[in-house]
Amino acid sequence: MTGPSMDRRGVLLAGMGASLAAGSSAAAGPAAKPALLAPRPPMGWNSWNSFATTINEAQALETARIMAAKLLPFGYDVFTVDIQWYEPQAASYDYNRNPQPAMDGHGRLLPAPNRFPSSAGGLGFKPLADQVHALGLKFGVHLMRGIPRAAVKANLPVLGTGVRAADVAETASICSWNPDMYGVDMRKAGAQAYYDSVFHLFAQWGVDFVKMDDMSRPYDAHAAEIEAAHKAIKASGRPMILSLSPGETPVPRAEHVRRFSQMWRISDDFWDEWSMLEAQFTRLENWNAFRAPGAWPDADMLPLGRLALGKRDSKFTPDEQQTLMTLWSIARSPLIMGGDLRHLDDATLALLTNRQVLAVNQASTGNRPHFVEDGTRVWSARPEGKPAERYLALFNTTGKPKAAGIGLREIGLAGGVSARDLWSGQDLERVDDRVERMLPPHGSALLRLAG
């Protein structure tokens, strides 16, 4: 990816321990394995929760500058423009039923020039990506599965082939909630060439991250296109993280999704409702065995701060917001902020930038849930390079104050350990047998235990 971004991430990693920096670099020599695209859970910002389909170039640059100043020093380095950047009339969370996307002569989507003026003249997202890279950030784009329906209607030629859009389109394969695309029939000649052409264009623009949508519902029906995107990225010559969205990727397809993507959604769109947050506990527990460096189950973006085209702030209470960040950290879900950074308040910034909490997300091993009792959830993990220490996350999922705890033996520790509250940074009383904290409704605690 880009040099400045890696340098800034290196500042964060150095604070977590020297082993982190070593883990994120490729070994030297001809026998070295290729470097993982996402050795740690990706961190960044995405436009969907705050801008819906509407973000434009001026807003993107303003947001990227704020991100570089306030979040990049803590490791948030992926800046992503979400859905319908190619739609000139995009206006809300609803989609135009008769889209007229900006395209080139080969059916490849282009940024709408009325919203992204620097893209005019066939330059695409390269001028914007260059500016984002100059800030030390990686540049990401959203992409719907398939080929534009408008390209099929015009029957445009597929680049580098003798076939046309209608020859590769699977017109019965449509997204139930978005009208932009038809599926691509990967059994047809020219189908892979179409995907190759799209990702080759992204490589020319300098794209580092692709959030590819309508991929998991149903998963098996779209598996060939998941593989096609993976092959196209390899053929492009540019490393790009592939993030699959949305829908509940089925756990029995874990080996397939781990092979062909770096992160994948485990739920439909996640918003600021307690019922949605409570449901993510079970999903993250179900996916826990399949998380690995370079392969991250994704509980979705962080709907914190100002949301929904500026119409409201997050409905999560302060305790629920801490629970969200604690769960995403101990379960090592990607941390992608969704709120409007132009209205970033001090409390939200503090939630996003607690270095000790971020270290749990970025530098822990052996993460696992423990099933204790109804109304509580407990997770533990080991700090990297510290096998005798533990991270411990305690959750109260009820609507009343409740104690949550676990015996030290159950998390592999003997008696007599010190405890630190990672959210407050305060040292707590020494623990001899059992860790227990009284938690507020929907509240949490995140501790570090050491002998």
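Values in this document were obtained by computation on a predicted structure and should not be read as measured data.

A.B. asks: Any chance you could explain the overall build of the protein here in plain terms?
C.D. replies: When its secondary structure is counted, the protein shows 14 helices and 21 strands. For a compact globule of 451 residues, the expected C-alpha radius of gyration is about 22 Å, and the protein comes in at 22 Å, within 12% of that figure. The burial tally for the protein puts 58% of its 451 residues in the buried class. Taking the intrachain contacts of the protein between residues at least 6 apart in sequence as the baseline, contacts between residues at least 24 apart amount to 71%. Summing over all exposed atoms, the protein offers an accessible surface of approximately 17400 Å²; the carbon and sulfur share of this is 52%. Both charge centroids of the protein, one from 48 positive and one from 47 negative side chains, sit 4 Å from each other.

A.B. asks: I keep staring at unusual backbone geometry and nothing clicks. Help me out?
C.D. replies: Residues other than glycine predominantly adopt negative phi, and peptide bonds predominantly adopt the trans conformation. In the segment running from Arg217 into Pro218, the intervening peptide bond is cis, with an omega of -5°. Here the amide bond leading from Ser245 into Pro246 is cis, since omega sits at -25°, within 30 degrees of zero. Note on placement: Pro246 falls in the loop between strand E8 (241–244) and helix H10 (254–260). Even without glycine at this site, Ala52 takes up a positive phi of about 55°.

A.B. asks: I would appreciate a short explanation of the nonpolar core in the present structure.
C.D. replies: Nonpolar side chains tend toward joint burial in soluble globular proteins. By size, the foremost hydrophobic cluster in this structure holds 115 residues, and its most contacted members are Tyr76, Phe79, Trp85, Phe139, Phe199, Phe202 and Met212. Among the elements that make up this core, the one with the highest residue count is helix H8 (residues 191–205) (nine residues). Shared between two domains, this core takes at least three residues from each, and those domains are domain 1 (43–353) and domain 2 (370–450). If near-sequence neighbours (up to four positions away) are discounted, Trp85 is found in contact with Leu109, Leu110, Pro111, Ala112, Arg115, Phe116, Phe125, Val141, His142, Phe202 and Trp205. Core analysis: the next-biggest nonpolar cluster, separate from the first, contains 16 residues, Ala404, Ile406, Val417 and Leu439 among them.

A.B. asks: Can you help me understand the pairing of strand E2 (residues 78–81) in this one?
C.D. replies: For a regular strand, side chains alternate in direction, first toward one face of the sheet and then toward the other. Alternating positions in E2 separate into two faces, Val78 and Thr80 on one and Phe79 and Val81 on the other, with burial throughout. The pairing of strand E1 (residues 43–46) with E2 spans three bridges and is parallel. In the strand pairing of E2, Trp45 is matched with Phe79. Here E2 pairs with strand E3 (residues 138–144) via four bridges, running parallel.

A.B. asks: Can you help me understand the sheet that holds strand E18 (residues 417–421) in this one?
C.D. replies: The pairing of strands in a sheet happens through backbone hydrogen bonds and is either parallel or antiparallel. Read from one edge of the open sheet, six strands run E14-E15-E16-E21-E18-E19, paired in antiparallel fashion. The open sheet has two edge strands, strand E14 (364–370) and strand E19 (427–431), and neither has a second partner. Across the sheet, the axes of successive neighbouring strands diverge by a mean angle of 25°, strand direction being ignored. For E14 and strand E15 (residues 376–383), the ladder comprises five bridges, and the chain directions are antiparallel. Directly across from Thr365, in E15, lies its bridge partner Arg382.

A.B. asks: Which parts of the structure should I look at to understand the packing of helix H12 (residues 318–330) against helix H14 (residues 355–362)?
C.D. replies: The description of two packed helices rests on the angle between their axes and on the distance between the axes. Between H12 and H14, the shortest axis-to-axis distance is 7 Å and the interhelical angle comes to 40°. Here H12 lies oblique to H14, going by the angle between them. For the pair formed by H12 and H14, the contact residues are Trp328, Ser329 and Ile330 on the first element and Val357, Val360 and Asn361 on the second.

A.B. asks: Honestly, the packing of aromatic side chains in this entry has me stumped. Any pointers?
C.D. replies: Where two aromatic rings form a pair, the distance of their centres and the angle of their planes describe that pair. A complete count under the given rule lists 19 aromatic pairs for this structure. A ring pair is formed by Trp85 and Tyr86, whose centres lie 5.3 Å apart and whose planes are at 75°; its orientation type is edge-to-face. Tyr86 shares its class with Trp85; the two are buried. Linked through ring pairs, Trp85, Tyr86, Phe116, Phe125, Phe139, Phe199, Phe202 and Trp205 together constitute an aromatic cluster.

A.B. asks: Teacher, can you tell me more about the UniProt feature "domain: Alpha galactosidase C-terminal" (unreviewed entry) in the protein here?
C.D. replies: Per the UniProt record, the feature "domain: Alpha galactosidase C-terminal" (unreviewed entry) sits at residues 374–449. This span, residues 374–449, is 0% helix and 57% strand, and a straight line between its end C-alpha atoms measures 24 Å.

A.B. asks: Mind showing me how you'd approach the domain arrangement of the protein here?
C.D. replies: By a frequent convention, interface size equals the accessible area lost on bringing the separate parts together. Entries for the protein in the domain assignment read domain 1 (43–353) and domain 2 (370–450). Taken over C-alpha atoms, the centre of domain 1 sits 35 Å from the centre of domain 2. In this complex, domain 1 contributes 17 residues to the contact, which on the side of domain 2 involves 17 residues. Overall, the association of domain 1 and domain 2 removes approximately 1600 Å² of surface from exposure, summing both partners, and the carbon and sulfur fraction of that is 64%. Of all residues in domain 1, the largest losses of buried area upon contact with domain 2 belong to Glu285, Thr326 and Ile330, amounting jointly to 36% of the total for that side. Viewed at the interface, domain 2 and domain 1 are joined by one salt bridge.

Thresholds, definitions, all that
- Residues numbered from 1 in each chain as written.
- Predicted model: local features only at pLDDT ≥ 70, side-chain atom pairs only at ≥ 80, totals over all residues.
- Heavy atoms only, no water.
- Helix = DSSP H or I, 4+ residues; strand = E, 2+ residues; numbered from the N terminus.
- Rg over C-alpha atoms; globule rule 2.2 N^0.38 Å.
- Buried < 20%, exposed > 50% of the residue type's maximum accessible area, 1.4 Å probe, protein only.
- Contact = heavy atoms within 4.5 Å.
- Areas by Shrake-Rupley, 256 points an atom, 1.4 Å probe, with all protein chains shown as cover.
- Lys, Arg positive; Asp, Glu negative; His and termini not counted.
- Charge placed at Lys NZ, Arg CZ, Asp CG, Glu CD.
- Core = buried A, V, L, I, M, F, W, Y, C linked by side-chain atoms within 4.5 Å.
- Domains from an automatic or database assignment.
- Pairing = 2+ DSSP bridges.
- Axes fitted to C-alpha atoms, helices over the stretch in contact; angles between N-to-C directions.
- Parallel < 35°, antiparallel > 145°, perpendicular 65-115°, else oblique.
- Phe/Tyr/Trp six-rings, centres within 6.5 Å; stacked < 30°, edge-to-face > 60°.
- UniProt positions renumbered as here; feature names shortened; annotations may be inferred.
- Buried area = accessible area lost by both parts, 1.4 Å probe.
- Salt bridge = Lys/Arg side-chain N within 4 Å of Asp/Glu carboxyl O.

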